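Survey of secondary and tertiary structure
Listed below are the residues making up each chain.
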Amino acid sequence: MPARAGVNKQPSHGLPTREGVGPSCVGLPAGSWPTITDFLVQRFPAIARETWLQRMRDGLVADEFGVPVTAQRPYRGHMRVYYYRALEDEPRVPFEATVLYQDEYLVVADKPHFLPVTPSGHYVQETLLVRLKNRLGLDGLAPLHRIDRETAGLVLFSVRPADRDAYQALFRRHEVAKHYEAIAPWREDIAFPLLRQSRIVQGEPFFRQQEAPGPANSETHISVLQTSGGWARYALSPVTGKKHQLRVHMHALGIPILNDRIYPPVHPTPDDDYSRPLQLLAKSMHFTDPVTGQQRSFQTRLSLLAGLPPATGG
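In this report, the structure presented in the accompanying data block is examined. (Residues numbered from 1 in each chain as written. Predicted model: local features only at pLDDT ≥ 70, side-chain atom pairs only at ≥ 80, totals over all residues. Heavy atoms only, no water.)

Section: the overall build of the protein chain
Put simply, the test is: Secondary structure follows DSSP: runs of H or I at least 4 residues long count as helices, runs of E at least 2 residues long count as strands, and numbering of each begins at the N terminus. Residue exposure (1.4 Å probe, protein chains only): buried if accessible area is under 20% of the type maximum, exposed if over 50%, otherwise partly exposed. Working definition of accessibility: Shrake-Rupley area with a 1.4 Å probe, residue cover restricted to the visible protein chains. Think of it this way: Lys and Arg go in the positive column, Asp and Glu in the negative one, and His and the chain ends go nowhere. Every charge is mapped onto a representative atom, which is NZ of Lys, CZ of Arg, CG of Asp or CD of Glu.
Of the regular secondary structure elements, the protein chain holds five helices and 15 strands. Each principal axis of the C-alpha atoms in the protein chain carries an extent, and together these give about 70 × 45 × 40 Å. Scored against the burial criterion, the 314 residues of the protein chain give a buried share of 47%. For the protein chain, the computed accessible surface area is about 15700 Å², with 52% contributed by carbon and sulfur atoms. Separation of charge centres in the protein chain, based on 36 positive and 31 negative side chains, amounts to 3 Å.

Set out below in structure tokens:
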């Protein structure tokens, strides 16, 4: 069987942004498929042949040179094909983001709970990036970091593609001071403040992370802001940015964040409950702007529960 091709989300010169969504890209490997359509149907088994044919009729599939891909176009490897993702039943996320700051270099938004940052899985239009592109008319907007769909708070975007790597390098070098707030159980037997360092790897199923033996690749400073009964409000300052890092570290300490659907594991994983958002908030960021040299400081306007939950127990 021919090798699987890689997929990425790099923008194409062949297809423009459409309703705030740039085209996805798939590389065509060496192989003997009769047509490009046959390859796409095998590569993406969840997408019906008729869906691909309709996209082609609508002019939504093109090669890297901008030439439309038609239903019977013969297959040729070592080429890229660009296409638009489309979801027939994309769920509406009934919460709106707020733009906190905008200049010629940066856009800073307050993301609500449940809204993904970028298109993936079941979400394309219902994402922070696409909503902001459409609202602000900025096709080149790109996120400089990610926070979980369930997490609320600050997300930074680069306006100019030429500046993007300079800003992203700050996050790679851990030169952005990031501060979060969370509500989770209070444990008197844990001495705070503390530094949690561990190795985080992909768990099972694929969307869940877990700690594992080996050299640490994650680091979080954790302190207590307030306690009441069996609950506490925590300040979390991640040094690294591993997927689900704060949720994994809090769960590993035996104090999982309130309303977390994934940590600790529950099978099957519960559906979203808009009345019970994850009590995790990206609260503030501070850094030296690599383009302007300014000291940048941003603070969310969102908040978690006004008070801690009532004590539980018999």
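With respect to the side chain of H244
Selection criterion: Contacts are assigned to residue pairs with any non-hydrogen atoms lying within 4.5 Å of each other.
Mapped onto the fold, H244 is located in the loop between β13 (231-238) and α5 (245-252). Aside from chain neighbours lying at most four places away, what touches H244 is D148, F207, Q209, I262 and Y263.

Observations concerning the nonpolar core
Heads up, the condition is: Remark: nonpolar core denotes a set of buried residues (Ala, Val, Leu, Ile, Met, Phe, Trp, Tyr, Cys) joined through side-chain atoms within 4.5 Å.
Membership of the largest hydrophobic core comes to 35 residues, with the highest contact counts inside it found for F157, Y234 and L236. V26, L53, M79 and Y83 belong to the second largest nonpolar core, which has 16 residues in total.

So, helix α3 (residues 128-136)
Taken residue by residue, α3 has L128, L129, V130, R131, L132 and K133 as its buried positions. Buried positions along α3 lie against β5 (98-102), β6 (106-111), β7 (142-143) and β8 (152-158). Within two residues after α3, G137 carries a phi angle of roughly 70°, on the positive side.

Points about helix α1 (residues 36-43)
Keep this limit in mind: Of all possible arcs, the one meant is that of the directions from the helix axis to the C-beta atoms.
Where α1 is concerned, the buried positions are I36, T37, F39, L40 and R43. Projected down its long axis, α1 carries its buried residues within an arc of 160°, all on one side.

Quick notes on the side chain of H113
Our working definition: Polar contacts here mean pairs of N or O atoms no more than 3.5 Å apart (in protein, one a potential hydrogen donor and the other a potential acceptor; neighbouring residues in sequence count only if both atoms are side-chain atoms).
Position of H113 relative to the elements: it lies in the loop between β6 and α3. A relative accessible area of 15% means that H113 is categorised as buried. A distance of 2.8 Å separates a polar atom in the side chain of H113 from the backbone oxygen of E150. Here L278 takes part through its backbone oxygen, which lies 3.3 Å from a polar atom of the side chain of H113. The residues contacting H113, other than those within four sequence positions of it, are F95, R149, E150, T151, A152, P277, L278, L280 and L304.

What to know about the environment of L194
Checked against the element boundaries, L194 lands in strand β10 (residues 194-202). Separated by 144 residues in the primary sequence, L194 and E50 have C-alpha atoms spaced 56 Å apart. With residues near it in sequence (within four places) discarded, L194 still touches T220, H221, I222 and L253.

Here's the deal with the packing of aromatic side chains
To be explicit about the condition: Only centres within 6.5 Å qualify two rings of Phe, Tyr or Trp (six-membered ring in Trp) as a pair; their planes then separate them into stacked at under 30 degrees, edge-to-face at over 60, and tilted for everything else. Placement of a charge over a ring requires the Lys NZ or Arg CZ to be within 6 Å of the ring centre, with the centre-to-atom vector within 35 degrees of the ring normal.
One pass over the structure, following the stated rule, counts 14 aromatic pairs. The structure contains a cluster of three or more aromatic residues connected by ring pairs, namely W33, F39 and Y75. The cationic tip of R43 hangs over the ring face of F44; the distance from NZ or CZ to the ring centre is 4.8 Å. Directly above the ring of W52 sits R55, whose terminal nitrogen or CZ lies 4.8 Å from the centroid.

A few points about the pattern of salt bridges
Put simply, the rule is: The rule for a salt bridge is simple: a side-chain nitrogen of Lys or Arg has to be within 4 Å of a carboxyl oxygen of Asp or Glu.
Tallying each qualifying case throughout the model produces 23 salt bridges. One salt bridge connects E96 with R92, and the closest N-O pair in it is separated by 2.8 Å. Across the pair D148 and R247 runs a salt bridge, and its minimum N-O distance is 3.1 Å. One end of the pair, D148, is in the loop between β7 and β8; the other, R247, is in helix α5, with 99 residues separating them in the sequence. The buried category is assigned to R247, whose relative accessible area is 1%. Several salt bridges converge on common partners, so that one network encompasses D148, R149, E150, R247, D260, R261 and D272.

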